[in-house]
Amino acid sequence: MGLLSRKATCNSHGQDSSYFLGWQEYEKNPYDEVKNHRGIIQMGLAENQLSFDLLESWLAKNPDAAGFKRDGQSIFKELALFQDYHGLPAFKKALVDFMAEIRGNKVTFDPNRIVLTAGATSANETLMFCLAEQGDAFLLPTPYYPGFDRDLKWRTGVEIVPIECSSSNRFQITASALEEAYEQAQRKNLRVKGVLVTNPSNPLGTTMTRDELDLLVNFITDKEIHLISDEIYSGTVFSSPAYVSIVEVLKDRNLENTQVWERVHIVYSLSKDLGLPGFRVGAIYSNDPIVVAAATKMSSFGLVSSQTQYLLSAMLSDKKFTKEYIAKNQKRLRKRQSKLVAGLEKAGIGCLESNAGLFCWVDMRHLLSSDTFEAEMELWKRIVYDVKLNISPGSSCHCSEPGWFRVCFANMSEDTLTLAMQRLKSFVGSIASNDRSHQEMKNSRRKLRSKWVFRLSFQSFHDREQDER
Amino acid sequence: MAIEIEKPSVGLSKVAVSETHGEDSPYFAGWKAYDENPYNESSNPSGVIQMGLAENQVSFDLLEKYLEEHSEASSWGKGAPGFRENALFQDYHGLKSFRQAMANFMEQIRGGRARFDPDRIVLTAGATAANELLTFILADPGDALLVPTPYYPGFDRDLRWRTGVKIVPIHCDSSNNFQVTPEAMEAAYRCAESMNLKVRGILITNPSNPLGATIQRTVLEQILDFATNKNIHLVSDEIYSGSTFSSSEFISIAEVLETRGYKDSERVHIVYSLSKDLGLPGFRVGTIYSYNDKVVTTARRMSSFTLISSQTQHLLACMLSNKEFSENYIKTNRERLTRRYDMIINGLKTAGIECLKGNAGLFCWMNLSPLLEEPTRESELALWKVILNEVRLNISPGSSCHCSEPGWFRVCFANMSEQTLEVALKRIHKLMEQRRRRN
């Protein structure tokens, strides 16, 4: 029998990485409050489960939306036949309005520039097909979402070259890191087509500063390349600094309708902000009409179900609902994140200060037996198999420093999170009592404690700002 | 939307600026003419009647009745307890209940003559995605797939555009009702070889689009033997399998494999969809059924780029698990399509037009070669323009389906009301009368 293609037999689907192995372990022994309270708690899944009640209540009050009805009349046939890759106009309008609302209405989006795709996974891949090909590369700041290795590279043949970021400046992008990445690509004989950033960042949980955004704009202008801004967590910004989107920066710098304007493309999705990953709703927004045209045709390979487009057009057109949802959702995320941060502190563990996302970027460097990725894997395995928490090791996110882990907080109940923190505290405690150099440990904890004191006061300062918003 | 570009835009890929999406062909030009002047019984009775769209609109009442009687299918039940689980479900294995329902439905369509294992079903957002995905898995850029002509114009985009794979046609003609022959397959294979193309597979559509006819068992056997002989894959696109006019005439490749005890079946893959049989193209429901474990695993992973909305999977799992509904639907849909087919065939016959003998699908393959000035593609396109602009019917010229014989046209009959079909037939009559008077 004939062989399969190179794509089918390679490993670029990425499914042999630890990111997926952790999932597998969880699946074998999943925690359940009642049935399996010693099982593995899933903290590696960036889902937003905090605001379903708001969605359910809207659905109960608006039965027509899921019932294929408009003003009481059945539109089933119309929807069943609707396969136009331009997408349901009412949905595109509602979606761009929602995107604007998330950005405090400081910017507006044109529904004719949005392309609907079956999830952001599809959007990112489609953009790669439009902007690059075999022999090309995109630069990505590390650490980054493990799925990008598959989404951007597998079928497209495009390469990723990392922009190394470090804890020395809270993993922010620097001009030298950008230049170094660009040069590295050239040394590998790869033609750099653009930069892709996730803002707010996964796995860091932070929003990019205005300085970073300016740096990016300068860089892509200078090199005449594209910028993709994956903004799928834009609705999860729960504390200051307030979210600054790339389009806002371009607008403020009077770069609308310039060449660089046409090279900035945004990816969005409802999987994180609305907690609807199953519905496969993604979007590409571009100011380049050729990209919009090509991406629209390509979306044939991954259209959003018209049944789902209609449901969500009704929901997102309800401005009263969206306003309430955005505010309540953010408030709940903030509360949950605080709980995780506090729980980690009790275990003597710190994390990168964050203001967005569904996870924290946790610093466990002090728990490593050595400053190596082997030690990180060792620690990760203990946490998965002994502590029974599935968290994501930084190496799976291509972090250049060992010892960082992504820990999700929005995909479980509050009680489960409490339990997870207790387990972690016990684990750290047990390491301490087994550790030969007690004193060393005490010293590092003292250092951590003073860091916490600083961070606590910093945090409460921000909380105050939030309440005033 | 046509965009003029003098030279490729700086910084886009070759794929983005190529024309392999195929949207400049007459197939799409006809759509535009219809969009600009669409027929409407009351408000625009002289508009263009759309007969180029292979949609099934004859059985919506059955679907709507089911939805009315089973609101839990679309609303997750009272208090929506199933909502959050459904909203979170993005597992690329797909909803088990839905795969089970699909497997059962595919078995019912084949009269129980083949069995389908739900764990071999991979879900994709439409057959468009399924065909492209399979091509990515079975072939490398620069390789070739053999496809019998005439074929669905969309394949030019679906199989080639982003994959970089080439299509080499297996030429079929009216001398034997456009059936595939071993000689034609050999010739196509040699042609690919002469172009230094590595052939990775053969892709057939059964029932055929645009022929509207099922492939005979002997021909299926020959195709499978050919694929085995050359050690290549066989993809059978069976998206019209539920639209056959009689249940016994459709023979799926699955049945042939069953008869052979599934020997050497790892090279066979079936594509299915609910867009034609159930008339739900908007819901984006496609599947790949493969007898090859590695293909199933890889296709499943790749389906991440094209998952079916879990909301839609839930709806259809409910609907298709309902045996009473699915059996009645298949039977009734078949009867109605047969009735429509008879109506158009008789109407065309009365006008003096012959069609290929069909037994499936949502269209018929009409022979207008006697009307051509010359037996050329140009004459065919000229006639097509007359039919579009003067008779005001959008039908698909055979050349857009890569037919090697000019003069054939695909005419859809299930995407309109019976009254509209009557109007279309009257217009055709008029055209034929005018032609006769002229001669």
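The notes below deal with the structure included here. (Residues numbered from 1 in each chain as written. Chains lettered and ligands numbered in written order. Predicted model: local features only at pLDDT ≥ 70, side-chain atom pairs only at ≥ 80, totals over all residues. Heavy atoms only, no water.)

A few points about the pattern of salt bridges
Here the structure, examined in full by the defined rule, presents 46 salt bridges over all chains. A salt bridge links E414 of chain A to K339 of chain A, with the nearest nitrogen and oxygen atoms 3.9 Å apart. Of this pair, E414 of chain A sits in helix 16 (residues 414–434) while K339 of chain A is found in helix 14 (residues 319–346), placing the two residues 75 residues apart along the sequence. By relative accessible area, K339 of chain A is classed as partly exposed at 30%. Each of E133, D136, R191 and K193 of chain A together with K14 of chain B takes part in a single network of salt bridges with overlapping partners. (Salt bridge = Lys/Arg side-chain N within 4 Å of Asp/Glu carboxyl O. Helix = DSSP H or I, 4+ residues; strand = E, 2+ residues; numbered from the N terminus. Buried < 20%, exposed > 50% of the residue type's maximum accessible area, 1.4 Å probe, protein only.)

Topic: the interface of chain B and chain A
Facing the 72 residues of chain B at the interface are 70 residues of chain A. Here chain B meets chain A over a buried area of about 6600 Å², counting both sides, of which 61% is carbon and sulfur. On the surface where chain B and chain A come into contact, there are three salt bridges. When the shortest N-O distance is used, the salt bridge between E56 of chain A and R84 of chain B registers 3.2 Å. Taken together, the connections running from chain B to chain A amount to 22 residue pairs in polar contact (both at pLDDT 80 or more). Put simply, the parts of the chain that give the side of chain B that touches chain A at least two residues each are helix 1 (14–17), helix 3 (60–69), helix 5 (83–88), helix 7 (127–138), helix 8 (155–158), helix 12 (293–302) and helix 13 (310–321) of chain B. (Contact = heavy atoms within 4.5 Å. Buried area = accessible area lost by both parts, 1.4 Å probe. Polar contact = N/O pair within 3.5 Å; in protein donor to acceptor, adjacent residues only side chain to side chain.)

Points about the sheet that holds strand 7 (residues 268–273) of chain B
Residues and elements named next belong to chain B. What the seven strands build is an open sheet, ordered 2-8-7-6-5-3-4; its pairing is mixed. Both edges of this open sheet fall to strand 2 (121–124) and strand 4 (166–170), since each of them pairs with a single strand only. Pairwise comparison of adjacent strand axes, ignoring direction, gives a mean angle of 25° for this sheet. Where strand 5 (residues 199–205) lies against strand 6 (residues 233–237), five bridges are found, and the strand directions are parallel. Opposite G201, over in strand 6, you have H233 as the bridge partner. Against the sheet, helix 6 (residues 96–109) makes contact with strand 2, strand 7 and strand 8 (286–290), and its axis sits at roughly 105° relative to strand 2, the strand it touches most. (Pairing = 2+ DSSP bridges. Axes fitted to C-alpha atoms, helices over the stretch in contact; angles between N-to-C directions.)

Re the sheet that holds strand 9 (residues 264–269) of chain A
Residues and elements named next belong to chain A. Read from one edge of the open sheet, seven strands run 4-10-9-8-7-5-6, paired in mixed fashion. Here the strands that pair on one side only, and so sit at the sheet edges, are strand 4 (114–117) and strand 6 (159–163). Averaged over all adjacent pairs, the angle separating strand axes in this sheet is 25°, with direction ignored. Two elements, strand 5 (residues 136–141) and strand 6, share five bridges in a ladder whose sense is parallel. The partner of L139 across the bridge, within strand 6, is V161. Strands strand 5, strand 6 and strand 7 (191–198) of the sheet are contacted by helix 9 (residues 175–187), whose axis makes an angle of about 150° with strand 6.

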